[in-house]
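# Chains, contacts and geometry: an overview
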Amino acid sequence: MNCVHCDYLLWNLPENRCPECGNAFEVTDFAFPPDKVEFLCRHCHQGYVGTDDRGLPYPRKFTCVGCCHPLDAAEMTVRPVADNVVGEALHFGTPWQHRRRVGFLRGFVDAVARISISPGEYFRLAAANSRDGSAGFSILCAYVALAVFAGLLLLFHGSGLAAWLPDPLKLMKSPALVILLIAVPFAQIAWNYLYGLLIQAVLLGLGHHRGQYESSVRAVALGSAVLPAILLLPPVGLFWYLCVVCSGIETLHATTRAKALTATLIPMLMALNIALGTWYFVS
């Protein structure tokens, strides 16, 4: 049973986090030979042998007979009860990371859905492979958001609800559209690195020196999955975006939720203050 990120041995750990690289994992991410691995209650160390076809306890969730605490096999300490036992990793990344094998469209849709609905699970699986094409993913999400914005503009302008806005049909025929399409990837990449840099600076200020700048950029880039939601429902979408990025920072940096939330929120509040100050002086 080795860490999928750094190959560190994960037997007999007090928590489900690799002590070498900080990568979080769940015991149910692995399969074991039946009757060869023991699962220990973290409270009283009562042992349970994995007996199902994946070498896990059945049922997965139950009450400890020793201390009556509720147990989940995914969070228990694991130790082998026989020699040369191997835990086979079932997750080596996400469909987006393996898009060449599963298909580009399927990988992209799966990433958008998982990041939007269950970001913690996605980042936990994505942590196994840092070369996940997060930059390209964020650019695709930016183009999707641009298409959503164009659709909303066309809808509102056609219904007369926003007649004061420029005619989207005329914009599509102007050179401005070409400039906008070219500018999107540059703007998205710049945002990924700028926001990631600010997050990294706050983490350093909070005393977290373990994580890499690349991890902050990845969290911001993968958080682009909810960009269309920001355009559809700005307050809800922005809150959703912050939650996703915060989840990514917590998992990829192996830090606490409080530090991840602080590092995610402070740069955004700074940007909001600058925007409001600029608007005030201009108006």
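Please refer to the structure placed before this passage.
The text that follows walks through the structure, step by step, so that each part is easy to find. (Residues numbered from 1 in each chain as written. Predicted model: local features only at pLDDT ≥ 70, side-chain atom pairs only at ≥ 80, totals over all residues. Heavy atoms only, no water.)

## Looking at the overall build of the protein
Within the protein one finds ten helices and seven strands. The 283 residues of the protein split such that 41% are buried. Considering only contacts within the protein whose residues lie at least 6 apart along the sequence, 61% involve residues at least 24 apart. Split by element, the accessible area of the protein, about 15600 Å² in all, is 65% carbon and sulfur. (Helix = DSSP H or I, 4+ residues; strand = E, 2+ residues; numbered from the N terminus. Buried < 20%, exposed > 50% of the residue type's maximum accessible area, 1.4 Å probe, protein only. Contact = heavy atoms within 4.5 Å. Areas by Shrake-Rupley, 256 points an atom, 1.4 Å probe, with all protein chains shown as cover.)

## Observations regarding the environment of C3
Here C3 shows up in the segment before strand 1 (30-31). Along the sequence, C3 and A89 sit 86 residues apart, while their C-alpha atoms lie 8.4 Å from each other. In this structure C3 touches Y8, L10, C18, C21 and N23, once residues within four positions along its chain are discounted.

## Notes on the sheet that holds strand 2 (residues 37-40)
Across the sheet, three strands lie side by side as 3-2-6; this open sheet has antiparallel pairing. Each edge of the open sheet is held by one strand with a lone partner, namely strand 3 (47-49) and strand 6 (77-80). Taking the axes of each pair of neighbouring strands and ignoring which way they run, one obtains an average angle of 30 degrees across the sheet. Taken together, the four bridges between strand 2 and strand 6 define a ladder with antiparallel strand orientation. By the bridge assignment for strand 6, L40 is matched with T77. (Pairing = 2+ DSSP bridges. Axes fitted to C-alpha atoms, helices over the stretch in contact; angles between N-to-C directions.)

## Quick look at the packing of helix 2 (residues 104-117) against helix 3 (residues 119-126)
Contact geometry of helix 2 with helix 3 gives a least axis separation of 5 Å together with a crossing angle of 125 degrees. Put simply, helix 2 runs oblique to helix 3. Every residue of helix 3 that contacts helix 2 at A111, R114, I115, S116 and I117 is listed here: P119, E121, Y122 and L125. Of the residues that constitute the contact of helix 2 with helix 3, the class distribution is six nonpolar, one polar and two charged. (Parallel < 35°, antiparallel > 145°, perpendicular 65-115°, else oblique. Nonpolar A, V, L, I, M, F, W, Y, C, P; charged D, E, K, R; others polar.)

## Details of the packing of helix 3 against helix 9 (residues 234-252)
Two elements in contact, helix 3 and helix 9, have axes separated by 9 Å at closest approach and are oriented at 35 degrees. Our pair here, helix 3 against helix 9, has a crossing hand that is right-handed. Residue-level contacts link P119, G120, F123 and R124 of helix 3 to V244, S247, G248, T251 and L252 of helix 9. (Left-handed = near helix turned anticlockwise from the far one by under 90°.)

## Thoughts on the pattern of salt bridges
Applying the stated criterion across every chain, the model contains six salt bridges. Linking R124 and E26 is a salt bridge whose minimum nitrogen-to-oxygen distance equals 3.8 Å. Taken together, the residues R124 in helix 3 and E26 in the segment before strand 1 connect sequence positions 98 residues apart. Its relative accessible area of 14% is what places R124 among the buried residues. Across the pair E250 and R257 runs a salt bridge, and its minimum N-O distance is 3.1 Å. E250 gets classed as buried once you look at its relative accessible area, which sits at 18%. (Salt bridge = Lys/Arg side-chain N within 4 Å of Asp/Glu carboxyl O.)

## Regarding the nonpolar core
In terms of nonpolar packing, the biggest core is built from 28 residues, with I115, F137, Y195 and I199 touching the most fellow members. Mapped by element, the contributors of at least two residues to this core are helix 2, helix 3, helix 4 (134-159), helix 6 (175-205), helix 7 (213-222), helix 9 and helix 10 (257-282). In terms of residues, this core owes the most to one element, helix 9, which gives seven residues. Not counting chain neighbours up to four residues away, the residues in contact with I115 comprise Y122, F137, L222, A225 and V244. The next biggest cluster of nonpolar side chains, apart from the first, holds 22 residues, and it includes C18, F39, F62 and L71. (Core = buried A, V, L, I, M, F, W, Y, C linked by side-chain atoms within 4.5 Å.)

## Remarks on the side chain of T264
Examined against the element boundaries, T264 turns out to sit in helix 10. According to the relative accessible area criterion, T264 is buried, its value standing at 1%. Setting aside residues no more than four positions away along its own chain, T264 makes contact with Y195, I199, L242, V245, C246 and I249.

## Side note on helix 3
Judged by how many residues are buried, helix 3 sits mostly within the fold: six of eight residues are covered. Within the sequence span of helix 3, burial applies to P119, Y122, F123, R124, L125 and A126. Considering only its buried residues, helix 3 is in contact with helix 2, helix 7 and helix 9.

## Quick notes on the pairing of strand 2
Residue alternation in strand 2 divides its side chains into two sets, V37 and F39 and E38 and L40, and both sets are buried. Summarising the sheet, strand 2 and strand 3 pair through three bridges and their orientation is antiparallel. The partner of L40 across the bridge, within strand 3, is G47. Between strand 2 and strand 3, which pair antiparallel and follow one another directly, the connecting turn spans six residues, one of which, H45, has a positive phi of 65 degrees.

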